[in-house]
Amino acid sequence: MQLINALLQANTTAVATATGTAADYFPIGIQLLFAIGFVAVMIGGSHLLGPKRRTADKLENFTSGIESHGTARQPMAIKYFLVAILFVLFDVEVIFFYPYAVNFRDLGWQGFGEVLLFVSFFLIGFIYIIKKGALIWED
Amino acid sequence: MSITEILFWFLSVLTLVSAIMVLISKNPVHSVLWLIATFFAISGHYILLNAQFLAIVNLIVYAGAIMVLFLFVIMLMNLDVAIEPKRSMWMKFAGVISGGLLLAVLLSVVRTSVDLTNKTAQLNTGDIGLIKNLGHTLFTQYAVPFEVSSILFLSAMVGAVVIGKKN
């Protein structure tokens, strides 16, 4: 009951001030706690309740039936890193859309032009990446 | 203690503990996972300071993307236990001394700064960190730096492709 009251209060303050204070994040905090708690309870529960028969064969690493050899500590190909770094760049691009989306109406055509220029620079970069074949996986 | 204070202390302890765990974990992958916990705790601090955009950016870019990059860097390197470089006692000693000196300098700067004396962090006040106000400032007052940053991103893309691709 208290929880519901707190939730309702958080909602009313959000409507009243319309600025968004830390208190508005209370429902998100509750959701986060619930998500973490759910996962922890499920994993912990299945760990505690499930049957366990530990034999040498069962504890072996599963490698699709092939005999495992060597360690997992193999240096991996640079192309993973290239994809990751390009992902970071486009991720940062997306970040700039959030403040624009909130202010979309206020900024009007001027803001639209700014964002269009911004995106066109990224599009040039994207075309360059495609042309260079940086995203082609097979060598 | 109010809820904000409890949250502040909880997040501070979480930040410090996970930051220390980043340093003392033997397994580099565990270090990265603790670093993610640190970023989440710092995002909580940002929300308490009403810097919501910063909190979301911190989660999406740092905890999401940069950490993937860190993991890939760890996997690119050959981190076998056998070839782990042994650092001498003197190196550790010098590291502790220099790190301690840096901490002392930072603490004295914060303690004696005119702007910071007798002031606490502004919890729950100030509204420039809200997404709407920040976006408005960014797209009107700072429109030119915003466009210049896209050229920076373009150069970063070209640089990554040139370094990462052989031909």
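Calculation criteria
- Each residue is numbered by its place in its chain's sequence as written, counting from 1.
- Both sets of labels track the order of writing: A upward for chains, 1 upward for ligands.
- Given that this is a predicted model, residues contribute local features only at a pLDDT of at least 70 and side-chain atom pairs are listed and counted only at 80 or more, while totals for whole chains, interfaces and linings are drawn from all residues.
- The basis for every side-chain value is the complete set of non-hydrogen atoms in the structure, without hydrogens or water.
- UniProt positions are given in the numbering used here, feature names are shortened, and annotations may be inferred rather than shown by experiment.
- Strands here are runs of E lasting at least two residues and helices are runs of H or I lasting at least four, both read from the DSSP assignment and numbered beginning at the N terminus.
- Think of it in three bands: residues with accessible area under 20% of the maximum for their type are buried, residues over 50% are exposed, and the middle band is partly exposed, with areas taken using a 1.4 Å probe on protein chains only.
- Here, two residues are considered to be in contact whenever any of their heavy atoms come within 4.5 Å of each other.
- Using a 1.4 Å probe, the Shrake-Rupley method yields the accessible areas, and only the shown protein chains count as cover for residues.
- What gets called buried area is simply the loss in accessible area from a 1.4 Å probe that two parts show on being joined, summed for both.
- Salt bridge criterion: a side-chain nitrogen from Lys or Arg within 4 Å of a carboxyl oxygen from Asp or Glu.
- N or O atoms within 3.5 Å of each other form a polar contact, as long as, within protein, one can give a hydrogen and the other can take it, and as long as residues adjacent in sequence are counted only when both atoms are side-chain atoms.
- Helix span is expected to be 1.5 Å times the residue number reduced by one.
- An automatic or database domain assignment supplies the start and end points of every domain.
- For this scheme, ten residues count as nonpolar: Ala, Val, Leu, Ile, Met, Phe, Trp, Tyr, Cys and Pro. Four count as charged, namely Asp, Glu, Lys and Arg, and the remainder, Gly too, count as polar.

If you look chain B up in an unreviewed UniProt entry, it shows as NADH-quinone oxidoreductase subunit J from Ilyomonas limi. Regarding chain B, the relevant UniProt record gives this comment under Sequence similarities (unreviewed entry): "Belongs to the complex I subunit 6 family."

Per an unreviewed UniProt entry, the recorded name for chain A is NADH-quinone oxidoreductase subunit A, and the organism is Ilyomonas limi. The record held by UniProt for chain A lists under Sequence similarities (unreviewed entry) the comment "Belongs to the complex I subunit 3 family." The annotation that UniProt attaches to chain A under Catalytic activity (unreviewed entry) is "a quinone + NADH + 5 H(+)(in) = a quinol + NAD(+) + 4 H(+)(out)".

With that settled, the discussion passes to the overall build of chain B. Across its full length, chain B holds six helices and zero strands. In chain B, the succession of helices and strands from N to C terminus is α-α-α-α-α-α. Split into buried and exposed, the 167 residues of chain B put 28% on the buried side. Sequence separation of at least 24 residues holds for 59% of the intrachain contacts in chain B that already meet a minimum separation of 6. Summing over all exposed atoms, chain B offers an accessible surface of approximately 11300 Å²; the carbon and sulfur share of this is 75%.

On to the UniProt feature "transmembrane region" (unreviewed entry) in chain B, then. All names here are of chain B. Under the UniProt annotation, "transmembrane region" (unreviewed entry) lies at residues 6–24, 31–49, 55–77, 89–110 and 142–163. Secondary structure across residues 31–49 divides into 95% helix and 0% strand, with the first and last C-alpha atoms of the span separated by 27 Å. A distance of 32 Å separates the end C-alpha atoms of residues 89–110, which is 100% helix and 0% strand.

Right, let's get into the interface of chain B and chain A. One widely used convention gives an interface's size as the accessible area the parts lose upon coming together. On the side of chain A, 49 residues touch chain B, which itself brings 45 residues to the contact. Taking both sides of the interface into account, the surface hidden between chain B and chain A amounts to around 4500 Å²; carbon and sulfur atoms contribute 75%. Connecting chain B to chain A are one salt bridge. Ionic pairing is found between Asp106 of chain A and Lys132 of chain B, a salt bridge with its closest N-O pair at 3.1 Å. Where chain B meets chain A, there are three residue pairs in polar contact (both at pLDDT 80 or more). Only helix H2 (28–48), helix H3 (52–76), helix H5 (131–140) and helix H6 (143–164) of chain B provide two or more residues apiece to the side of chain B that touches chain A. The greatest single-element share of the side of chain B that touches chain A, amounting to 15 residues, is contributed by H6 of chain B.

Now for H2 of chain B. All names here are of chain B. Across its 21 residues, H2 extends 31 Å between first and last C-alpha, which sits within 8% of the 30 Å expected from 1.5 Å per residue. Within the span of H2, buried status applies to Ser31, Val32, Thr38, Phe39, Ala41, Ser43, Gly44, His45, Ile47 and Leu48. Taken together, the buried residues of H2 touch helix H1 (3–24) and H3. One side-chain oxygen at the N-terminal end of H2 lies 3.1 Å from the backbone nitrogen of Val29; it belongs to Asn27. The positive-phi residue at the C-terminal boundary of H2 is Asn50, with phi of around 65°.

All names here are of chain B. The domain architecture assigned to chain B consists of domain 1 (1–82 + 123–129) and domain 2 (131–167). Summarising the inter-unit geometry, the C-alpha centres of domain 1 and domain 2 are found 24 Å apart. Opposite the four residues of domain 1 that make contact, domain 2 presents four residues. The junction of domain 1 with domain 2 conceals about 430 Å² of combined surface from both sides, 65% of it contributed by carbon and sulfur atoms. Class assignment for the residues of the side of domain 1 that touches domain 2 results in two nonpolar, one polar and one charged.

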